[in-house]
Each structure stands twice: as structure tokens, then as C-alpha cells.
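Architecture and fold: a report
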Amino acid sequence: MLNTATKTDAPADQQELTDGFHLVIDALKLNGINTIYGVPGIPITDLGRMAQAEGIRVISFRHEQNAGNAAAIAGFLTKKPGVCLTVSAPGFLNGLTALANATTNCFPMILISGSSEREIVDLQQGDYEEMDQLAIAKPLCKAAFRVLHAVDIGIGLARAIRAAMSGRPGGVYLDLPGKLLGQVMNAEAGAKSLVKVIDAAPAQIPAPSAIKRALDVFKSAKRPLIILGKGAAYAQADDDIRALVEKSGVPFLPMSMAKGLLPDLHPQCAGAARSTVLKDADVVMLIGARLNWLLSHGKGKSWGDQPKKFIQLDIEPKEMDSNVEIAAPVVGDIASCVTALLEAMGANWQAAPADWVNSVKSKREENIAKMAPRLMNNKSPMDYHGALGALRTIIKERPDAILVNEGANTLDLARGVIDMYKPRKRLDVGTWGVMGIGMGFAIAAAIETGKPVLAVEGDSAFGFSGMEVETICRYNLPVCVVIFNNDGIYRGTDVNPTGGSDVAPTVFVKGSRYDRMMDAFGGIGVNATTPDELKRAVNAAMDSGKPTLINAVIDPASGSESGRIGNLNPQSILKKK
Ligand SMILES: Cc1ncc(C[n+]2csc(CCOP(=O)(O)OP(=O)(O)O)c2C)c(N)n1
Ligand SMILES: [Mg+2]
């Protein structure tokens, strides 16, 4: 239904009118966008109010970066652009990090920001929150648009939706000058101007010759490996991906956010034998995974000396040969590529060589057995493995729960220890390794899926979005935040080498009680000093669905520098402090 502006003072014979506010709302609703994440203020406060009045869920945050992260992960989870709504200049800039991060991670998202008076901004006459937002957004997203006339709102939003969803998904910026929202036009013409986007992410079918080439290479392998990336998770082609992996019999390695696409305990999962399979594989099929830094660019020490051939499935043709030669590029959307491969494999596909499959399996079992006793320790203060051992059991018992994870040691160790059982249940720092996604992701995961959320957060990582615990309480979301409190970044034991009164740059207030932040907003706060206490508190939170924050006391000495990526720190041969 089209909304109409009610003008009580209008003459009875006046035509029905609508305005920019309602056209934006109607355009969103027409396209099935029924949640907005944002922070109110001039010029979009009324837009949020009216959107709520019209049945859109408007989730109000304490900082735009968190609202932006929420929108981005909503996009990942639903394959529809998540919308973040902000005010002009500073609010827009606060949302921009999330927009850039969404683009880097290929999450469909639209950042809609109100902006100041165009004429004044363009003459740089010092308007309230003056900024040329469109120009600033452009290099950080897939596309950026500005709408100046109410009649173009429908087209503007359609362009934004298509740009965010089609091809490789990503972030889009939509600039709405404040004046636009107040513009009035004929209601019928307004209704006609709206666009329902048909087939926003059209299938892109791979060429049969590319499929044949890929299978020829795959067939020739003695030690094949499949790597699943978050593009594969995004595709929601779970059954076909599983069928492809199982039919091939090839060991598979899930990237962080692809964990659970097939269960981590699947007999073909090579997650616990990562370094062996990367070194020894001769043919690697990448499914929605890029050869970026997370895979050491497909070359160097971690890939060993064995020559490799890569098969790559990706929707973006420019991804091919980005780091190393791709022997068999398969360009198309992941679902279409996987279906085509499956079909072409036929009924008599020869499963992967047994000696290779078995050697990967035994390496994996050896590594799992090595880790097992460490996960069962009940030390107090806890070390990472003791605490994660408890959380691992909880996720095993509650495979529907969504795990959000950020930090350094807290991230790297949780990724290895906590097995995932279902697709798109692990949400984390992604391609950039960015801190600050935690509460935004947790909130959107709860809102979009209705499932319980467990956010496992380093104490530093949590600080980037911690104020949103109020938002979690305000909307009474089933989110349990566990803070791995080791008194700092990587470790809480660094000292100021000068002996001065400032503490070292990596350490925080010792013995902080983050749980009391939750008390302040009416949620449940728990201080946990042993894995048993931690397990009890998380289970209680998951059973009750009440907003909970657990301060898990971790030995400040138990982490290592930069978690698992300390090698990326620049080194000088001069050892001067
Ligand atoms: C936006 C952003 N700022 C800074 C960093 C650098 N950084 C990487 S991990 C990290 C925090 C690690 O500490 P914590 O979350 O407490 O995890 P721990 O290793 O102590 O378990 C920081 C600040 C980053 N990745 N992203
Ligand atoms: Mg820490």
C-alpha cells in the first residue's frame, strides 16, 4: 500500500500527495527490505520513525559502525542487502568502515546516509555537517548513488539493490539529501515511480568448456584438495556443495566462515591437517575462496615445494590469476558452477586416491588427539584451551546457535577448537581481520535468524563495540557474550620498559569486571573463573535466551603475540627498543 502524506489544511479537492520519506519507505518495502539498522539524527530521524510506523523493524544502535556491521552481516545471512541508515558527515563516516569492510568481504549492504544542503555543500559554505559524502564513499564501495528528486527514489534504490547483490556482492552507498525527504509529489505518480527489482542476482552459468577443463585437471590429481570459502557459504547451495565434496571423496578445508558448510567432524574435513594438505596437495579446487593473504597468496612456504594446479570457482572473472596462475578458471555463480560440475562428473566419477585420503585422515586424527587433553584442563585462571574446550561442547550440543568471534588469540584458537556443524553459523573478522564486528554481528544474527547467539570476544575486541550491550538489552536479544579477559591485547603481562607510570600500550586495567556492564542495563552478568563455571553460565544463558555477558578470567600470560599471525609483524635487524 502506498503511503500518503496527510495534510489537514489541504483543500478537499487537492490531489493525494506523497513525499520523499514515504517513497523511500515504500521502495524498501516493495523490495522486501523490512529491517533498518541505524542511528537517528538530522536529517533522518523522522525517516526512522515513519519506517517503524509503516512496519519496518528499525534497530537503533549506539554507534553507526556497529549498525553498519549489523547490516553487512544481515546481508551475508539473508542474501538481501542489509540497510544501515545514518546522519550526515560524522554519522556517515562512522558507517563507512563497515561499508568498506562489507565490500572487502563481499557482503551485500546499502549504507543510506542523509546529507546536507547540496547547494551549500558544493559551494563549501559551511553547512551543518557539510561533506561531499558521495565523493568520499565512491572508492570504498561497489557503487555510490545520489538521489535529488523524489521521482527518482524508486530508481535510486533499485540501482543500489542491484549493485549490492549482482555479480560479486558488496557495499553500496546511497546519498539522500535532507531536502529530498521533504519533497512532495503526486501519490499516484510516486507509486508508479517505484521499482521492484526482478532477479537482482541473476545466475551466471559457467561455460561448458570451463567445466570440462576443470574436471580434466581435477581428474588428473593424485593429491587433490577442495578449499571452501565464505563465497561458498554465501551461495546457500549447501546440498550441492556437500554432494560435490562427497562424490569426489576429496579432503576439504573450510575457510573460517565456511566452517559448518559440511560439518567439521565430516570424515573428509582436513581442518585439523591444514598445514599438511596445503603443502602436499597437487591440485586445489577453490570454491568461493580467494587466494589472498589468508591463503598465503597461493605460494611460498606454507604451500610447500610441490607444484600445484589451481581450479577456481568464482563469480568475478578478475579474481582469476590474481596471485598465481589458475589452470582451470570456472567463472559463474557458485551454485551454478557446482551444479554444472556435479552433472558433468556423472555417475562413475573415480573417488580421490585412497592413500592420499587416508594419510590426510591420519594426520588429522593425530592433531586432534594431541589437542584433546589441553581442552579438558580445568585450570583457574583459565587458559584459552580450557575455556574453549567448554564452549566447544556447548556448540556441539547446540549446533543451531550462531557463533560470533573476534580477537587475536581468542579468534585464532576458537576457530581451531570450536567445531561447527551447520552452514553460516560462524561469523567473524573476515578478510581484513577487523576488530569491532562483534556486537553488530551478534545483534543482526539474533534479529535475522531468531537463533541464540554466542559471541566469543577478546577483551580488546569487545571494546570496539561494547556499548551495544545496551542495545542487546533494549531489544532483549538472545545474545550471550563471553569475554576472554586476559587483561589486554594478546597478553596482559607487558610492562613499560622505562618504568614510567604509563602502562604498556597493549595492557588494560587488570581484573576488569566486564560483566558489570551488563548488570547496568538489566542483563545478566557473570564472572567465570573456571571452565565449569563458564559452561554453566553459557548454558543458562542459552536456555533462558536472556541477554548475558560472562567475564571469563583468562591467565594474562597465556596468549601469544598477534595470535597465529605474529609473522606479519614487520621486523628490523636492529633490535633496538
Ligand atoms: C579495527 C582494528 N584495530 C586494531 C586491530 C589490531 N588488533 C588485532 S587483534 C587486536 C586485539 C587483540 O586482543 P584481544 O581482543 O583482547 O584478543 P587476545 O589475543 O587478547 O585474546 C587488535 C587491537 C584490528 N585488527 N582492527
Ligand atoms: Mg585480550
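Residues numbered from 1 in each chain as written. Chains lettered and ligands numbered in written order. Predicted model: local features only at pLDDT ≥ 70, side-chain atom pairs only at ≥ 80, totals over all residues. Heavy atoms only, no water.

1. Quick word on the overall build of the protein chain
The secondary structure content of the protein chain amounts to 22 helices and 19 strands. Expected size for 577 residues packed as a compact globule is a radius of gyration near 25 Å; at 25 Å, the protein chain falls within 12% of this value. In terms of overall dimensions, the protein chain has C-alpha extents of about 85 × 65 × 50 Å along its principal axes. Of all 577 residues assigned to the protein chain, the portion counted as buried reaches 55%. Summing over all exposed atoms, the protein chain offers an accessible surface of approximately 24,000 Å²; the carbon and sulfur share of this is 54%. (Helix = DSSP H or I, 4+ residues; strand = E, 2+ residues; numbered from the N terminus. Rg over C-alpha atoms; globule rule 2.2 N^0.38 Å. Buried < 20%, exposed > 50% of the residue type's maximum accessible area, 1.4 Å probe, protein only. Areas by Shrake-Rupley, 256 points an atom, 1.4 Å probe, with all protein chains shown as cover.)

2. Remarks on the coordination of the magnesium ion (ligand 2)
Tetrahedral coordination by four donors sets the ideal angle at the metal to 109.5 degrees; octahedral coordination by six donors sets it to 90 or 180 degrees. Bound to the magnesium ion (ligand 2) on the protein side are Asp-459 (OD), Asn-486 (OD1) and Gly-488 (O), at distances that span 2.0 to 2.1 Å. When the donor residues of the magnesium ion (ligand 2) are listed from N- to C-terminus, their spacing reads D-x26-N-x1-G. Of this pair, Asp-459 sits in helix H19 (residues 459-463) while Gly-488 sits in the loop between strand S17 (479-485) and helix H21 (515-520), and the two are 29 residues apart along the sequence. (Donors = N, O, S within 2.8 Å, 3.2 Å for Na, K, Ca; no water.)

3. Topic: helix H12 (residues 238-248)
Turning to H12, its buried residues are Asp-238, Ile-241, Leu-244, Val-245 and Ser-248. For H12, the angular spread of the buried residues around the axis is 130°, confining them to a single face. Tucked into the core, H12 has its buried residues touching helix H10 (208-219), strand S9 (224-228), helix H11 (230-234), strand S10 (252-254), strand S11 (283-287) and helix H14 (334-345). (Arc of directions from axis to C-beta. Contact = heavy atoms within 4.5 Å.)

4. Let's talk about a nonpolar patch on the surface
On the surface, Trp-293, Ile-565 and Leu-568 cluster together into a nonpolar patch covering about 260 Å² of accessible area. In this fold, Ile-565 is placed in the segment after strand S19 (548-553). Here Ile-565 falls in the partly exposed class, since its relative accessible area comes to 35%. (Patch = residues over 30% accessible without salt bridge, like charges linked within 9 Å, V, L, I, M, F, W, Y side chains within 5 Å. Salt bridge = Lys/Arg side-chain N within 4 Å of Asp/Glu carboxyl O.)

5. Some thoughts on the sheet that holds S10
Taken in spatial order, the five strands of this open sheet run S10-S9-S11-S12-S13, and their pairing is parallel. A single partner strand is all that each edge strand has here, and the edge strands are S10 and strand S13 (328-331). Neighbour-to-neighbour, the strand axes of the sheet open up by a mean angle of 15°, direction not taken into account. Against the sheet, H12 engages S9, S10 and S11, with an angle of about 165° to S9. (Pairing = 2+ DSSP bridges. Axes fitted to C-alpha atoms, helices over the stretch in contact; angles between N-to-C directions.)

6. Here's the deal with the packing of aromatic side chains
Scanning all chains against the criterion turns up eight aromatic pairs. Aromatic pair Phe-76 and Phe-107: ring centres 5.3 Å apart, planes at 55°, arrangement tilted. With Phe-76 in helix H3 (residues 64-78) and Phe-107 in the loop between helix H4 (89-105) and strand S5 (109-115), this residue pair connects regions lying 31 residues apart in the sequence. Residue classification places Phe-76 among the buried positions, given a relative accessible area of 1%. Ring plane angle 40° and centroid distance 5.9 Å describe the contact between Tyr-384 and Phe-484, whose orientation is recorded as tilted. Residue Tyr-384 is found in helix H16 (residues 384-397), and its partner Phe-484 is found in strand S17; the two are separated by 100 residues along the sequence. An aromatic cluster is defined as three or more aromatic residues linked by ring pairs; in this entry it consists of Phe-76, Phe-107 and Tyr-234. Of note, Lys-79 hangs over the ring of Tyr-234, and the distance from its end group to the ring centre comes to 5.6 Å. (Phe/Tyr/Trp six-rings, centres within 6.5 Å; stacked < 30°, edge-to-face > 60°. Lys NZ or Arg CZ within 6 Å of the ring centre and 35° of its normal.)

7. Quick word on the side chain of Asp-314
The topology assignment puts Asp-314 in strand S12 (residues 309-314). The exposure class assigned to Asp-314 is buried, which follows from its relative accessible area of 5%. Within the local environment of Asp-314, its side chain forms a polar contact with the backbone nitrogen of Glu-316, the two atoms lying 2.9 Å apart. Sequence-distant contacts of Asp-314, that is, excluding residues within four places in its chain, are made with Arg-168, Arg-290, Glu-319, Met-320, Val-330, Val-331, Gly-332 and Ile-334. (Polar contact = N/O pair within 3.5 Å; in protein donor to acceptor, adjacent residues only side chain to side chain.)

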